[in-house]
Amino acid sequence: MYKIALIPGDGIGKEVIPAGQQILQALSGMESHLDFEFSAFDWGGDYYRLHHKMMPDEGLNALKGMDAILFGSAGDPDIPDHITLWGLRLKICQGFDQYANVRPTRILPGIESPLKLKHQADLDWVIIRENSEGEYSGVGGRVHAGLPIEVATDLSMMTRAGVERIMRYAFKVARSRAKKHLTIVTKSNAQRHAMVMWDEIGMQISQEFPDVRWDKELVDAATARMVNRPQTLDTMVATNLHADILSDLAAALAGSLGIAPTGNIDPERRYPSMFEPIHGSAFDIMGKGWANPIGTFWSCAMMLEHLNEQASAKRLMQAIERVTAQTRLHTRDLGGLATTAQVTQAVIDALQPSP
Ligand code: ATP
């Protein structure tokens, strides 16, 4: 029995997370050994309007005993973004030291990439984002607010322990993939302290993985390489800010934000890891039934992999791909007219073995 926390959050998170729950329930109905106990948490913008905080102070305690967390999105037009982000998602990521953010990207069958690719398989990446420090450490401050002498700082903070552990994790992921290739994304030409340490530690950790080929790329050049030579990339590791940007580019190149999944992982498994679609709350389409649930379903597959349920993860991924292959089952973000409910039902149907 896996204990799964559901945090739909805001906007279309409230539509895609129940769809994800339906998928997991359907899978568990088909596989006798797979059982889930769901606990739902109503944290997010509505909770903030009532309690002036995005989640309760003791919220992490309620999540601690869970096996995994399925998260929707946090973002509300009436609440500043830094409050929604730091008050919920980052509180969980940092509180549970989910230091590796993992974003697989590939072009699913039936989905068109804005890139002209010779083969769809030319774009098949995993981006590993350092998820606990760097540019988003939250270290900094503002003084003399509003005065001409106002000062504001956001300090990018990197620790040797933090860089070593993300590099080691990235090399392990690269080793687990067919190409066994890692690109270390850097900016050590302009940032001559922390990023130079980043490079040095990358080189040091590479020696533990003689079977993994690796190279180094400046982050600006990495964007061009993703567009012009996608087949030369496989696994990438980058800092919190760099990978944040690169992974949105990756999602767009793979067809739509609505498809892309992510996992916030505690590789040491001291705490529950958290899985979520990468899209935001998308208030413009909220309540219309148009949200693409595929990013959530793919996140559920990542969650199953993390729980070592490899066969179920594969079964779900195959069902997802059988559905994306049919353009009549595409939602509006992919140029179709299908609804969240129709796509969900189609994936449930596709989970059944073919007759
Ligand atoms: P945030 O909550 O971070 O402020 P947002 O509301 O700006 O996010 P994004 O996730 O950045 O939304 O997405 C931008 C636009 O892409 C949305 O406004 C929506 O139109 C579309 N979109 C995003 N996710 C989906 C989805 N799952 N299904 C359909 N359309 C989507």
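Residues numbered from 1 in each chain as written. Predicted model: local features only at pLDDT ≥ 70, side-chain atom pairs only at ≥ 80, totals over all residues. Heavy atoms only, no water.

Observations regarding the pattern of salt bridges
Put simply, the rule reads: For this analysis, a salt bridge means a side-chain nitrogen from Lys or Arg found within 4 Å of a carboxyl oxygen belonging to Asp or Glu. A run of H or I in DSSP becomes a helix once it reaches four residues, and a run of E becomes a strand once it reaches two; helices and strands are each numbered from the N terminus. Note on exposure labels: buried denotes an accessible area under 20% of the residue type's maximum, exposed denotes more than 50%, and partly exposed covers the range between, all computed with a 1.4 Å probe on protein chains only.
The final tally for this structure, using the stated rule, is 23 salt bridges. We note a salt bridge from K14 to D46, for which the minimum N-O separation is 2.7 Å. Of this pair, K14 sits in helix α1 (residues 13-30) while D46 sits in helix α2 (residues 45-51); the two residues are 32 residues apart in sequence, bridging distant segments of the chain. Here D46 falls in the partly exposed class, since its relative accessible area comes to 38%. Between R49 and D76 there is a salt bridge; the shortest N-O distance is 2.7 Å. Placement of the pair is R49 in helix α2 and D76 in the loop between β3 (68-73) and α4 (81-95), with a sequence separation of 27 residues. Given a relative accessible area of 6%, D76 falls into the buried group. Shared partners join several salt bridges into a network, and the residues in it are K14, D46, R49, D76 and D78.

A short note on the site of the ligand
Rules: Only a single heavy atom is needed: when it lies within 4 Å of a molecule or strand, its residue is near that molecule or strand. Polar contacts here mean pairs of N or O atoms no more than 3.5 Å apart (in protein, one a potential hydrogen donor and the other a potential acceptor; neighbouring residues in sequence count only if both atoms are side-chain atoms). Three residue categories are used. Nonpolar comprises Ala, Val, Leu, Ile, Met, Phe, Trp, Tyr, Cys and Pro, charged comprises Asp, Glu, Lys and Arg, and polar comprises the others, including Gly.
With respect to spatial proximity, 14 residues lie near the ligand, and among them G280, S281, A282, D284 and N292 are the closest. At a separation of 2.8 Å, an oxygen atom of the ligand approaches a polar backbone atom of S281. Considering only residue class, the shell around the ligand consists of six nonpolar, six polar and two charged.

Digging into the sheet that holds strand β10 (residues 235-238)
For clarity, the cut-off: Any two strands between which DSSP finds at least two bridges are classified as paired. Here an axis means a line fitted to C-alpha atoms, over the contact stretch when the element is a helix, while the angle between two N-to-C directions is reported on a 0 to 180 degree scale. Contacts are assigned to residue pairs with any non-hydrogen atoms lying within 4.5 Å of each other.
Strand order across the open sheet formed by ten strands is β2-β1-β3-β12-β11-β4-β5-β10-β8-β9, with mixed pairing between neighbours. Each edge of the open sheet carries a strand with a single partner, namely β2 (36-40) and β9 (213-218). Put simply, the sheet's adjacent strands are angled 20° from each other on average, direction ignored. Each of β4 (100-106), β5 (124-130), β8 (181-186) and β10 is contacted by helix α8 (residues 240-253), which is oriented at about 155° to β5, the strand it contacts most.

Quick word on the domain arrangement of the protein chain
Convention followed: Domain start and stop points were drawn from an automatic or database domain assignment. Buried area is calculated as the accessible area (1.4 Å probe) missing from two parts once they are joined, with the contributions of both summed.
Split by domain assignment, the protein chain resolves into domain 1 (1-111 + 262-355) and domain 2 (113-254). If you average the C-alpha positions of domain 1 and of domain 2, the two centres end up 24 Å apart. The interface of domain 1 with domain 2 comprises 21 residues on the first partner and 26 residues on the second. Both sides together, the interface formed by domain 1 and domain 2 hides about 1,900 Å², and carbon and sulfur atoms give 53% of it. It is Y99, T105 and I107 in domain 1 that bury the most area against domain 2; as a group they hold 36% of the surface buried on that side. Applying the counting rule to domain 1 against domain 2 returns one salt bridge. For the salt bridge of R165 with D97, the shortest nitrogen-to-oxygen distance reads 2.9 Å. Between domain 1 and domain 2 we count nine residue pairs in polar contact (both at pLDDT 80 or more) in total. Put simply, the parts of the chain that give the side of domain 1 that touches domain 2 at least two residues each are α4, β4 and β11 (261-265). A breakdown of the residues in the side of domain 1 that touches domain 2 according to their chemical character gives 13 nonpolar, five polar and three charged.

Notes on α1
Let me state the cut-off plainly: Multiplying 1.5 Å by the helix residue count minus one yields the expected span of that helix.
Here α1 is 18 residues long and its end C-alpha atoms lie 26 Å apart, about the 26 Å a rise of 1.5 Å per residue gives. Among the residues making up α1, those that are buried are G13, E15, V16, I17, A19, G20, I23, L24, A26, L27 and S28.

Comments concerning empty space enclosed by the protein
For the record, the criterion: Buried and open spaces are told apart on a 1 Å grid over the protein atoms alone, a cavity being a set of points where a 1.4 Å probe fits but cannot get out and a pocket being an open set with protein on both sides within 12 Å along at least five of seven lines. Residues with an atom within 4 Å of a point are the lining residues. Grid points are joined across faces, edges and corners, and a volume is the space filled by probe spheres set on the points.
Going through the model one piece at a time under the given rule, you end up with two cavities of 30 Å³ or more. The wall of the largest cavity is formed by 14 residues, among which P104, T105, A251, A260 and P261 lie closest to the centre. Sort the elements by how many residues they give to the lining of the largest cavity and β4 lands first, with four residues. The class makeup of the residues in the lining of the largest cavity is nine nonpolar, three polar and two charged. If you count residues domain by domain, the lining of the largest cavity takes at least three from each of domain 1 (1-111 + 262-355) and domain 2 (113-254). If you add up the space inside the second largest cavity, you get close to 40 Å³. Lining the second largest cavity are N292, I294, V323, T324, L329, H330, T331, L334 and V343.

Observations regarding the packing of aromatic side chains
To be explicit about the condition: Between 30 and 60 degrees the pair is tilted, below 30 it is stacked and above 60 it is edge-to-face, where a pair is any two Phe, Tyr or Trp rings, Trp via its six-membered ring, whose centres lie within 6.5 Å. Two limits define a charge over a ring: the Lys NZ or Arg CZ must be within 6 Å of the ring centre, and within 35 degrees of the ring normal.
Counting across every chain of the model gives five aromatic pairs. With a centroid separation of 4.7 Å and 45° between ring planes, the pair formed by F41 and W43 is classed as tilted. A relative accessible area of 13% places F41 in the buried class. On the numbers, 5.2 Å between centres and 15° between planes, the contact of F171 with F209 is stacked. One end of the pair, F171, is in helix α5 (residues 160-176); the other, F209, is in the loop between α6 (194-206) and β9, with 38 residues separating them in the sequence. The ring of W290 is capped by K288, whose NZ or CZ atom sits 5.4 Å from the centre of that ring. In this structure, R332 is placed above the aromatic ring of W290, and the distance from its NZ or CZ to the ring centre is 3.9 Å.

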